[in-house]
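What the coordinates show
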Amino acid sequence: AVLADNGHEVTLWARRDEQAKEIDQAHTNRKYLPDVTLPVTMRATSSLAEALVDKEAVLFAVPSHSMREIAREARQWMTKDMLVIHAAKGFEIDTWKRMSEVLAEELGTEHKEGITVLSGPSHAEEVIRRCPTTVVVASQAEQAAERAQMLFMNSYFRVYTNPDVIGVEVGGALKNIIALAAGLVDGLEFGDNARAALITRGLAEIARLGKAMGAEPITFVGLAGVGDLVVTCTSRHSRNWRAGHMISQGKKLDEVLRSMGMVVEGVRTTKAAYMLKDRYRVEMPIAEQLYAVLFAEKEPAQAVKELMGRGRTQELEEIVGGW
Ligand SMILES: NC(=O)C1=CN([C@@H]2O[C@H](COP(=O)(O)OP(=O)(O)OC[C@H]3O[C@@H](n4cnc5c(N)ncnc54)[C@H](OP(=O)(O)O)[C@@H]3O)[C@@H](O)[C@H]2O)C=CC1
Ligand SMILES: O=C(CO)COP(=O)(O)O
């Protein structure tokens, strides 16, 4: 819708023909964005060929678990000049690869350098109402990031560029697990101090893993770090926060995911963080406790108790290296 507002010819692809027809003909998307009218110039189709042929750019905005499959299918309709952007916030299941790595593998070397990530605090429910929103586009290739910036930027959607693809992807994925934890803590009525503690110490964990994976730590104080972390931990629109809240009320994970009917990326990302912390040998106590709550039936209150009872430590040890 942002691209359509900017005067571009946009064709949205959806896997279900019925959903594509609804968007194309009625200009609504009742399941995901009720009470919204989409730009009438925006077309929709369930044919990848129709969506991709003769296009200047492609934005992959599918859930992370389906990125590889869709990219593999899409490749045959793509040209080497096409700008490739993605907006998914997660890692691939089992390989725990970042989305740009998955895309580079599937789309071939001609796209590798230019793959661009769009991330930051941007709940769809607000963007579609044209609320002022800021995001970041990251790419190894400055030109690609600037092309994406120019395509999307307008009076309500401000786009910054950043060369740190790893940082932007890691920040966007990991904030979801902290948001799940924030939903739990809010559901337990542990208060505003606890939520602020989670956001701040969650950011320390995100930056620690991100740095070990090759990110620039400064990226995490930007829109893909603090920005998205704050919005996801505090917004009523966040599915991750809502899932955490439901679990705090005693609902089982399966039941929560079924009732949401939308992707809750933080659940799989908790598994990713649990594996990646060992691979990169970093401490991630919040991710570790959340993993136990989601997958080993630990009581959320017990998890919080154990986090509060950890040994003494200094706040900024990984940044200043201690005294
Ligand atoms: N919602 C938001 O505000 C934001 C979301 N993101 C990220 O964007 C990504 C997509 O999230 P979002 O659109 O919100 O998710 P939703 O769950 O709201 O919608 C998912 C969409 O993807 C489709 N889909 C699901 N599984 C597949 C599959 N295997 N193959 C093809 N299509 C599939 C669904 O189709 P169907 O109805 O047929 O199941 C539906 O159209 C996530 O990584 C998310 O973190 C990033 C920024 C903001
Ligand atoms: O990433 C998002 C906003 O920037 C969406 O977060 P949720 O998936 O928690 O709704």
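Thresholds applied
Residues numbered from 1 in each chain as written. Chains lettered and ligands numbered in written order. Predicted model: local features only at pLDDT ≥ 70, side-chain atom pairs only at ≥ 80, totals over all residues. Heavy atoms only, no water. UniProt positions renumbered as here; feature names shortened; annotations may be inferred. 1 Å grid on protein atoms, 1.4 Å probe; cavity = no way out; pocket = protein on both sides within 12 Å on 5 of 7 lines; lining within 4 Å. Points joined across faces, edges and corners; volume = space filled by probe spheres on them. Helix = DSSP H or I, 4+ residues; strand = E, 2+ residues; numbered from the N terminus. Near = heavy atom within 4 Å. Areas by Shrake-Rupley, 256 points an atom, 1.4 Å probe, with all protein chains shown as cover. Nonpolar A, V, L, I, M, F, W, Y, C, P; charged D, E, K, R; others polar. Domains from an automatic or database assignment.

Per an unreviewed UniProt entry, the protein chain carries the name Glycerol-3-phosphate dehydrogenase [NAD(P)+] and comes from Laceyella putida. Quoted verbatim from the Subcellular location (unreviewed entry) field of UniProt, the annotation for the protein chain is "Cytoplasm". Listed under Pathway (unreviewed entry) in UniProt, the entry text for the protein chain is "Membrane lipid metabolism; glycerophospholipid metabolism."

The next thing to look at is empty space enclosed by the protein. Gaps between atoms show up when a probe of the same size as a water molecule is rolled over them. In the structure shown here, the tally under the stated rule is one cavity of 30 Å³ or more. Put simply, the largest cavity is a space of about 30 Å³. Along its surface, the largest cavity is lined by His86, Ala88, Lys89, Val117, Leu118, Ser119, Val168, Glu169 and Gly172. Mapped onto the lining of the largest cavity, the elements with two or more residues apiece are strand E5 (116-119) and helix H9 (165-187).

With that out of the way, let us pick up the site of ligand 2. Around ligand 2 sit Lys89, Gly120, Pro121, Ser122, His123, Lys175, Asp228, Thr232, His237, Ser238, Arg239 and Asn240, and that is every residue in its neighbourhood. When ligand 2 sits alone it has 310 Å² of accessible area, and the protein chains cover 92% of it. Secondary-structure elements contributing two or more residues to the shell around ligand 2 are helix H11 (223-234) and helix H12 (239-248). When grouped by side-chain class, the residues that make up the shell around ligand 2 number one nonpolar, seven polar and four charged. Mapped onto the domain boundaries, the shell around ligand 2 takes at least three residues apiece from domain 1 (2-163) and domain 2 (166-320).

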